[in-house]
Amino acid sequence: MNPRDLDPFESKPVGVILVEDEPTTQDHLIRVIESSPRLKLLGVASTVQDAYALLFMTTPKVALIDLGLPDSSGIEVIEWLSKNKPETECLVITAFGDEDHVVRSLEAGASGYLLKDYFNNELIEHILEVANGGSPISPLIARQLLFKIQHEKLMENLHLQVKADLDETRKASNITDRELTVIQQVARGFTAQEIAGQMGISTHTVATHVKRIYKKLHVHSRSEAVYEATMLGLLDL
Amino acid sequence: MKPARTDALFVWRFSLLFMLSLLTALLGTVNAPLHALGNESVRQHGYLFDHARVLFSSNPNLAPEEVLQRSGKKTVVLPDLWDVSQQDFEGQGWYQIKFGLDPDKPKPDALFMPKAIMNAHAYLNGHWIGGHGSLHGDVARHWNHPYLFQFSPDLLNQNNNVLLIQVAGYKNYRSGLGRVWLGPSELLDPLYTSSYRWQVTGSMLATLVAFGSGILLLVFSRVFREQEGFFFLSLAVIVFALRNTGYFLNWTPLPHAQWGQLVHSLHAWFACLYSLFLIQYMGLKWVWIRKALWVYAIGVTVLSFAAGSQEILQFTVWLLLPIVPVVFILNVMLLAHSWQHRNLEGAILGFSSMLFVLLSIRDLAIMLNVLPVESVLLSQYTGILLFVSTCWIIFRRYKALFEDLETSNESLNSELAQREQQLFRQFNLLRKIEQQRTQDDERRRIMQDIHDGVGSSLVSALNLSETRPLDQEEMRNVLQECLDDLRMAIDSLDPQSDDLLALLGNFRWRYERRLKASGVTLLWSVADIPKLEGYSSRDLFDLLRIVQEIFANSLKHAKASKIELSVRWDQANDKVLLNISDDGIGMPANTLGRGRGLAHMKIRAKAIRVELYTGGGRDERGVAVFIAIPRMRRR
């Protein structure tokens, strides 16, 4: 992402916490964060319990969270944060950025993910981008999200009466046409710059659209349980 | 229930049935109503005539006045049976009774005759006072009907009255006149009504019941075709019912003589069929006896019709007598059989049958004049009990059959359910095996991918490091390559990895950083394409590998500064066209090292049934690779 797209009024360093148990990655990330004047490391935790203790004392703008923690899954921390500190953006630290890890994290309320092998400047850029309301996304993940959206639309068409009951929830998670276009283009392999060019908007706006889709996916994943339950109830009738 | 208790219960029931049938037979014999004896008030206030002077005449046109004047009347005791008093006579019998009135008794106004065979009319002091139907030619059949004639008391005088009863009869047909009652109609009417009920209405009902049960038995006997000769019984019952119609019908479809022959034969047929049923029911072989019974029935029929109208009728008793002991003996055997087998069904059948035989013997006694001719005939009634009990037996068997059917149905159902469960288990097992196989396939594929990709990268780096130490740049490249390979393997596991565009997009997303680092510009030009069909994730992964090799070649060997990738849909040929071109120095004919190169790419392409061509890039510079992917994978 281009640093020019970032908010020019953002001058205060972004507060970051790190939840990671593997010492090498932890050291590497600490080094990278501390090397940037625009980021401020507020604390480091290596277990879920430590993370809660840390979050009790501080409210970071960005939380970098590893999923495989010794006492529990990082998903738990993401869920807790999205419920209790929604202003904190969660980024999942992952080696591969694979579908299984990423989609689960997004559904729990994460704003995006960091690949462990990013170059130092890439890491800093990603963190800042997320702090400023943007989110990177891979085409396969985008394809996955599109599939979910289409599936949901199909279900709505099939069961309009159920939709009426859940309208309030739906409004919150409804994807706009522009968001849909963005995600479709991402799934076809276009970069944020290319999409921005095609749509006549800034790359920052493209990133914002993507992030909104993430958030909606989170809302959706929460309402999904209710929805599916109703569907089952309906089938029982 | 315990066997001992069942046994005791059977003995109890058997004894009860025995007592009941014996009692009924005795009551029937001794205590059956005999209306000719009147009742207390009739005896007190009426006049019973048991003597008369009779004139027999074959002239059907004789007038009552002539009869009164004729001499040659002889005195007889009533009941008077022509078979006894006037053998072989056929015609009219005029019974003349003279009487005076008793001042202590009320004036009579009705005449009651329990029996006058075949038909009778009556005259009082020269006036006709009653009579139905013909007395000439085909005489109306009133042989089992009682008569009640009412008249005006004014016809009577105190001391000198003459009652003339004209009776028409056939020879050998038990014709004659029973005792005669004169008295007030309010006293005689109940007697007449009761007599009519016993002799006519009751017979009619009994015959109806016999017919009904006969038809029912016939229907059910088809169900139990193989069992115990219920068919014979049903025929016997129908024969019995047919024979019984004579008790109440006052006309016959045949002239009376032929009708007599028919009834006669029907008796024999009934005895034959019923005996056959009993033999069959007890499961006796008795081939000769069976044959003898058939011969008997056929013989009696032939004899009856051959011997000519009336002569045979006097042998009736003698022809029927021998069969009665046979039926009786069979009956006793049936009882013994049911006792032996503790078979209640057989006992019920045996006792009702026994009662039937006993009362038939009683009726035969009337025919033989052991009992008065006015006695009510009862054998038609006893049949009812026999037939109803047989119907009950049939019903029970039918019910048992149904229950059997239901039980076997149930067991069939449960067997079916078991089979279903078995099938379901087998299906689940198969599904598990299938799942396991899919998993194994997938595992094998990943192993293969790691072997070909990460494995071979590491091995070649290791080999290289043995010839000389690797510098930092080379080390980084090797590790990056390994990581890229691993990511590509993981991406190919993505559920959406059957989408070629997303897969290519992900490849770009992974590779972009390297292109940027090398200063290469990528032109991405993709359009919507239809979903590819029949390609496994392994196929698409191989396709991606080809793309990766083309990119690697452009980057490492061709020193390109611009790569262009385009995907479009060639609808005419039903193919997706993937073109990659660069502006570098071209591709070496055969790249050493990891075996990559054009030849290797072509082998891969051939394996997944896609076409691959190479050519020069734009402006005669660089390389262009054209890959044509059929929408439906070729086998």
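Caption draft 1: Structural detail: the overall build of chain A. Check the secondary structure of chain A and you find 11 helices and five strands. Here the contacts in chain A between residues at least 6 apart in sequence split such that 70% fall between residues at least 24 apart. Just so you have it, chain A exposes about 10900 Å², and 56% of that area is on carbon and sulfur atoms.

Caption draft 2: Quick look at the overall build of chain B. Within chain B, the regular secondary structure consists of 16 helices and 18 strands. Taking all 635 residues of chain B together, 48% fall into the buried category. Sequence separation of 24 or more characterises 77% of the internal contacts of chain B that already satisfy a separation of 6 or more. Accessible area of chain B: about 31900 Å², with a carbon and sulfur share of 60%.

Caption draft 3: Representation of the sheet that holds strand β1 (residues 14–19) of chain A. Residue and element names in this part refer to chain A. Pairing is parallel across the open sheet formed by five strands, whose spatial order is β2-β1-β3-β4-β5. For this open sheet the edge positions go to β2 (39–45) and β5 (112–115), each flanked by a neighbour on one side alone. Averaged over all pairs of adjacent strands, the angle between their axes in this sheet comes to 25°, without regard to strand direction. Alignment of β1 against strand β3 (residues 62–66), held across four bridges, turns out to be parallel. The partner of Val16 across the bridge, within β3, is Val62.

Caption draft 4: Region of the structure containing the sheet that holds strand β13 (residues 180–183) of chain B. Residue and element names in this part refer to chain B. Across the sheet, four strands lie side by side as β1-β13-β6-β10; this open sheet has antiparallel pairing. Looking at strand neighbours, the two that pair on one side only are β1 (47–49) and β10 (147–150), the edges of this open sheet. Averaged over neighbouring strand pairs, the angle between their axes works out to 15° when direction is ignored. Direction of pairing for strand β6 (residues 110–113) relative to β10: antiparallel, over a ladder of four bridges. Paired with Leu111 across the two strands is Phe149, which belongs to β10. Contacting β6, β10 and β13, helix α5 (residues 185–223) runs over the sheet at an angle of about 25° to β6.

Caption draft 5: Structural detail: the confidence of the model for chain A. Looking at chain A as a whole, the pLDDT averages 77, with 76% of positions reaching at least 70. Considering only residues more than four positions removed or in separate chains, one finds that residues 222–237 of chain A, a stretch of pLDDT under 50, has 14 contacts.

Caption draft 6: The arrangement of the interface of chain A and chain B in detail. Contacts between the two partners involve 24 residues from chain A and, on the opposite side, 26 residues from chain B. Summing both partners gives a buried area of about 2200 Å² for chain A against chain B, and 55% of it is carried by carbon and sulfur. When residues of chain A are sorted by the area they lose upon contact with chain B, Phe96(A), Leu140(A) and Arg188(A) head the list and together hold 32% of the total. Taken together, chain A and chain B are joined by three salt bridges. Here Arg188(A) and Asp528(B) are joined by a salt bridge, their closest N and O atoms 2.6 Å apart. At the level of elements, β5 and α6 (139–158) of chain A are the ones that each hand at least two residues to the side of chain A that touches chain B. When its residues are assigned to classes, the side of chain A that touches chain B shows 12 nonpolar, five polar and seven charged.

Caption draft 7: The arrangement of the pairing of β6(B) in detail. Residue and element names in this part refer to chain B. Burial along β6 is two-sided: Ala110 and Phe112 facing one way and Leu111 and Met113 facing the other are all buried. Sheet topology places β6 next to β13; three bridges connect them, and they run antiparallel. By the bridge assignment, Ala110 is partnered in β13 with Gly183.

Caption draft 8: Molecular detail of the environment of Val180(B). Secondary-structure assignment places Val180(B) in strand β13. C-alpha of Val180(B) to C-alpha of Pro79(B): the two residues are 101 residues apart in sequence and 8.8 Å apart in space.

Caption draft 9: Structural detail: helix α1 (residues 23–35) of chain A. All names here are of chain A. In this model, α1 (13 residues) spans 18 Å end to end at C-alpha, consistent with the 18 Å of a helix rising 1.5 Å per residue. Residues of α1 that are buried: Thr25, Gln26, Leu29, Ile30, Val32 and Ile33. End-on view of α1: buried residues confined to an arc of 165°, all on one side of the axis. Pointing more than 90 degrees away from the buried face of α1 are the exposed residues Pro23, Thr24, Arg31, Glu34 and Ser35. As for α1, its buried residues are in contact with β1, β2, β3, β4 (89–94) and α5 (120–131).

Caption draft 10: Fine view of the packing of α1(A) against α5(A). Residue and element names in this part refer to chain A. Two elements in contact, α1 and α5, have axes separated by 10 Å at closest approach and are oriented at 70°. In terms of orientation, α1 lies roughly perpendicular with respect to α5. Considering only the axes of α1 and α5, their crossing is right-handed. The segment α1 lies against α5, with His28, Leu29, Val32, Ile33 and Ser35 engaging Asn120, Leu123, Ile124 and Ile127. Considering only residue class, the contact of α1 with α5 consists of six nonpolar, three polar and no charged.

Caption draft 11: Structural context of the packing of aromatic side chains. Residues and elements named next belong to chain B. Scanning the model with the defined rule gives 31 aromatic pairs over all chains in all. Taking 6.1 Å as the distance between ring centres and 65° as the angle between the ring planes, the aromatic pair formed by Tyr147 and Phe149 counts as edge-to-face. Phe149 shares its class with Tyr147; the two are buried. Between Trp198 and Tyr381, the ring centres sit 5.8 Å apart and the planes meet at 75°, which makes this aromatic pair edge-to-face. Placement of Trp198 in helix α5 and of Tyr381 in helix α12 (residues 379–467) is noted, with a sequence separation of 183 residues between them. Exposure remark for Trp198: the relative accessible area of 34% places this residue in the partly exposed category. We note Arg342 situated over the ring of Trp339; from NZ or CZ to the ring centre the distance is 4.4 Å. Across from the ring centre of Tyr511, 4.6 Å away, lies the NZ or CZ of Arg514, which sits over that ring.

The rules behind the values
- Residues numbered from 1 in each chain as written.
- Chains lettered and ligands numbered in written order.
- Predicted model: local features only at pLDDT ≥ 70, side-chain atom pairs only at ≥ 80, totals over all residues.
- Heavy atoms only, no water.
- Helix = DSSP H or I, 4+ residues; strand = E, 2+ residues; numbered from the N terminus.
- Contact = heavy atoms within 4.5 Å.
- Areas by Shrake-Rupley, 256 points an atom, 1.4 Å probe, with all protein chains shown as cover.
- Buried < 20%, exposed > 50% of the residue type's maximum accessible area, 1.4 Å probe, protein only.
- Pairing = 2+ DSSP bridges.
- Axes fitted to C-alpha atoms, helices over the stretch in contact; angles between N-to-C directions.
- pLDDT = per-residue confidence, 0-100.
- Buried area = accessible area lost by both parts, 1.4 Å probe.
- Salt bridge = Lys/Arg side-chain N within 4 Å of Asp/Glu carboxyl O.
- Nonpolar A, V, L, I, M, F, W, Y, C, P; charged D, E, K, R; others polar.
- Expected span 1.5 Å × (residues − 1).
- Arc of directions from axis to C-beta.
- Parallel < 35°, antiparallel > 145°, perpendicular 65-115°, else oblique.
- Left-handed = near helix turned anticlockwise from the far one by under 90°.
- Phe/Tyr/Trp six-rings, centres within 6.5 Å; stacked < 30°, edge-to-face > 60°.
- Lys NZ or Arg CZ within 6 Å of the ring centre and 35° of its normal.

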